[in-house]
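Residues per chain, in single letters:
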Amino acid sequence: SGLVQSRGRSYQKDSPDYVAIIKLDERTCVAAVEMKCRCANTTASKERDRISKDGKLVHADSRSRELRRHVQSRSEALQCLHHAATLGVDHVIFVVGDTVGLTGGVLIEYDAPLRQSYNKCVDDIYETGLKWAYDTSVPIPTEEIKAAVGKARVK
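Residues numbered from 1 in each chain as written. Predicted model: local features only at pLDDT ≥ 70, side-chain atom pairs only at ≥ 80, totals over all residues. Heavy atoms only, no water.

### Things to note about the packing of helix H3 (residues 74-87) against helix H4 (residues 112-134)
Interhelical geometry of H3 versus H4 gives an angle of 95 degrees and a closest axis separation of 9 Å. Of the possible angle classes, the one that applies to H3 and H4 is roughly perpendicular. Facing Leu78, Leu81, His82, Ala84 and Ala85 of H3, the residues of H4 in contact are Leu114, Arg115, Tyr118 and Asn119. When its residues are assigned to classes, the contact of H3 with H4 shows six nonpolar, two polar and one charged. (Axes fitted to C-alpha atoms, helices over the stretch in contact; angles between N-to-C directions. Helix = DSSP H or I, 4+ residues; strand = E, 2+ residues; numbered from the N terminus. Parallel < 35°, antiparallel > 145°, perpendicular 65-115°, else oblique. Contact = heavy atoms within 4.5 Å. Nonpolar A, V, L, I, M, F, W, Y, C, P; charged D, E, K, R; others polar.)

### Things to note about the confidence of the model for the protein
Chain-level pLDDT for the protein is 87 on average; 87% of the residues reach the 70-or-more range. By mean pLDDT, helix H1 (residues 41-54) is the weakest element of the protein at 67, and H3 is the strongest at 96. (pLDDT = per-residue confidence, 0-100.)

### Looking at H3
In a regular helix each residue adds 1.5 Å, so 14 residues correspond to 20 Å; H3 covers 20 Å between its end C-alpha atoms and thus fits that length. Listed as buried for H3 are Glu76, Cys80, Leu81, His82, His83, Ala84, Ala85 and Thr86. On its buried face, H3 is in contact with strand S1 (4-6), strand S2 (9-14), strand S4 (27-37), strand S6 (91-97), strand S7 (102-109) and H4. Where H3 ends, the next residue or the one after it, Gly88, has phi of about 70 degrees, a positive value. (Expected span 1.5 Å × (residues − 1). Buried < 20%, exposed > 50% of the residue type's maximum accessible area, 1.4 Å probe, protein only.)

### Observations regarding the pairing of S4
For a regular strand, side-chain orientation follows a simple rule: the groups alternate between the two sheet faces. Two strands pair when backbone bridges link them, and strand S3 (residues 18-24) and S4 are joined in this way by seven bridges, in the antiparallel orientation. The residue bridging Ile21 from the neighbouring strand is Val30, located in S4. Between S3 and S4, which pair antiparallel in sequence order, lie two residues; one of them, Asp25, sits at a positive phi of approximately 55 degrees. In this structure, S4 lies alongside S6, joined through seven bridges in parallel fashion. If you follow Lys36 over to S6, its bridge partner there is Val96. (Pairing = 2+ DSSP bridges.)

### Observations regarding unusual backbone geometry
Positioned with a positive phi, Asp25 is a non-glycine residue whose angle comes to about 55 degrees. Of note, Asp25 is situated in the loop between S3 and S4. Here Asp25 falls in the exposed class, since its relative accessible area comes to 69%.

### Considerations on the nonpolar core
Of all hydrophobic cores here, the largest spans 21 residues; its most connected members are Cys80, Val92, Phe94, Val106, Ile108 and Tyr110. Looking at this core, the elements that each hand over two or more residues are strand S5 (57-61), H3, S6, S7 and H4. Excluding residues within four positions of it along the chain, Ile108 makes contact with Ala60, Ser62, Leu67, Val71, Cys80, Asp90, His91, Val92 and Phe94. Membership of the second largest hydrophobic core comes to nine residues, among which are Ala20, Leu24, Ile93 and Leu107. (Core = buried A, V, L, I, M, F, W, Y, C linked by side-chain atoms within 4.5 Å.)

### Notes on the pattern of salt bridges
In the structure shown here, the tally under the stated rule is eight salt bridges. The closest approach of N and O atoms between Asp90 and Arg115, which form a salt bridge, is 2.7 Å. Of the two residues, Asp90 is situated in the loop between H3 and S6 and Arg115 in helix H4; the sequence distance between them amounts to 25 residues. For Asp90, a relative accessible area of 33% gives the class partly exposed. The partner of Glu127 in a salt bridge is Lys131, and the shortest N-O contact between them spans 3.4 Å. Here Glu127 pairs with Lys131, and both are found in helix H4, just four residues apart, close to one helical turn. (Salt bridge = Lys/Arg side-chain N within 4 Å of Asp/Glu carboxyl O.)

Written as C-alpha cells, this is what we have:
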C-alpha cells in the first residue's frame, strides 16, 4: 500500500502490506492487512496445528487472550496495533502463509481507547526525542547525536 501518514501526526507513519475493504454484518469497513510467511518447518507446523484446531479465519478482540493464541509474536501484535492506530481503523487482518500458500488469518478488532492510548505513547516519544526532526524551531541535538552514533563529526 505504500507509506501512509496519520492524520494530524506527520511523525506517525506506517506501511501496511495491503488495505482492504471488508463487509462485517451490514457494515462496510476499511482494514489494514499484515502478511507473514512462516518458512521454517517449526513455525509453519505450529501455524498449521493452530489452524486445524481453530479454523482458517478467526475473529479476535485486541484485548483478549484469544489474540495472543493467534498472534504469538509480540512484535507482530504491536505491528498490527500500529497499523490500526496510524490508519485510524478498527480492524486489521493478520494473514499467515507458508511455502505452500495461505494457511489462515485473524481479523483483529481494535477499540478506540486502545488506539488512542497507543497514539498517546507515539506522541510522548515524539515530544521527548523526535520533535527536532520534524519541527525546525527545535534545535538539532548535535552533541547527543554524536554521542549516540559515536562519530567525531555529524553534518
